[in-house]
Amino acid sequence: MTTTPISTTPLAIAVLGPGGVGGLLAGLLARAGHRVICLAGEDTAAVLNRHGLHVRSGQFGEFTARVEAATELREPVDAVFVTVKETALADALDRLPPQVLGAAVVVPLLNGLDHVAALRERYPTGQVAAGTIRVEATRTAPGRIEHTSPFVVLELAGPVADLADQLRRTGLTVELREDETAMLWSKLSFLAPFALLTTRYRSEIGVVRTAHRPELLTVLDEIATVSGAAGAPADAPALLTVFDRLPGSMKSSMLRDVEAGRPTELDAIGGAVLRAAAAHGIDTPALARLVRELSEPAKQ
């Protein structure tokens, strides 16, 4: 008897936090024929139910996708993407009751490290599959998403090959990783320098890598040392190559949060690196200074 693999069957997928990242994923999945339930506040949910998600992307085109929206998950689904900011995670999880989750795989796409353990305390450990995403996408208004980077790269760790296959069918680049720690640190080793330096100098990455290049080199050396001690060696010259290849106009989400007057993920990003450095007895003066300066109200 032949069974139909999940990779050819539309899924029911919940997206907790349909902002820049979540809204882009929700729109692409809905356009590909999946049932998508966006979990958000009442006002945003009302807009999504009425008008759908409008996505404008140089990579995927401009389109509107119909989605469902609710303030709380009320039925089991196949997968849940957690795409809120770390600063909103604790409150947002009230929209995702553990008893309703069923057998769904929970994939957090947050910045930092600590959120994975927090989710595994709340939901069955085996159902939480760590993930990362590299993208520049912004919610300009409820239900309106601007995708400005020329790429979207997801990395997933865990037994999620079928889900990865479905995501690839939407046009996304998806890579499976066996080492969860290495995957999370690979993202953080890039993100921490990118976020801290662009935000500190209120500049796009093109300005940072030219006007502040010596400091960038120092920060990359420090982050490589910390990630190596954490069991996920990073190569500073390789990281520099990545920075040099980025579109010069790219901004970090942390900088966009500052510009919009929103709380930042400074602790989830910079704080996570400093905690790891302290745990391994590593001195990181450049990173510590950036975090300290960004913590001062005058710098915000």
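Look up: the structure comes first, before these words.
Keep in mind it's a predicted model, so treat the numbers as computed, not measured.

1. Remarks on the sheet that holds strand S5 (residues 68-70)
Here is step 1: Reading across from one edge, S5-S2-S1-S6-S7 is the order of the 5 strands in this open sheet, with parallel pairing throughout. Across the chains shown, the open sheet's two edge strands, defined by having one partner strand only, are S5 and strand S7 (105-108). Along the sheet, successive strands turn relative to each other by an average axial angle of 20°, direction set aside.
Here is step 2: Its contacts with the sheet put helix H1 (residues 20-31) on strand S1 (12-16), strand S2 (35-39) and strand S6 (79-82), and the angle it makes with S2 is roughly 160°.
Here is step 3: Helix H2 (residues 42-51) rests against S2 and S5 of the sheet, and its axis sits at about 165° to S5.

2. A word on the pattern of salt bridges
Here is step 1: Counting across every chain of the model gives 17 salt bridges.
Here is step 2: Put simply, Asp165 and Arg169 hold a salt bridge, and the shortest N to O gap is 3.1 Å.
Here is step 3: Given the relative accessible area of 23%, Asp165 is considered partly exposed.
Here is step 4: Overall, Arg169 belongs to the exposed group, its relative accessible area being 52%.
Here is step 5: Across the pair Arg200 and Glu293 runs a salt bridge whose closest N-O atoms are separated by 2.6 Å.

Parameters and conventions
Residues numbered from 1 in each chain as written. Predicted model: local features only at pLDDT ≥ 70, side-chain atom pairs only at ≥ 80, totals over all residues. Heavy atoms only, no water. Pairing = 2+ DSSP bridges. Helix = DSSP H or I, 4+ residues; strand = E, 2+ residues; numbered from the N terminus. Axes fitted to C-alpha atoms, helices over the stretch in contact; angles between N-to-C directions. Contact = heavy atoms within 4.5 Å. Salt bridge = Lys/Arg side-chain N within 4 Å of Asp/Glu carboxyl O. Buried < 20%, exposed > 50% of the residue type's maximum accessible area, 1.4 Å probe, protein only.

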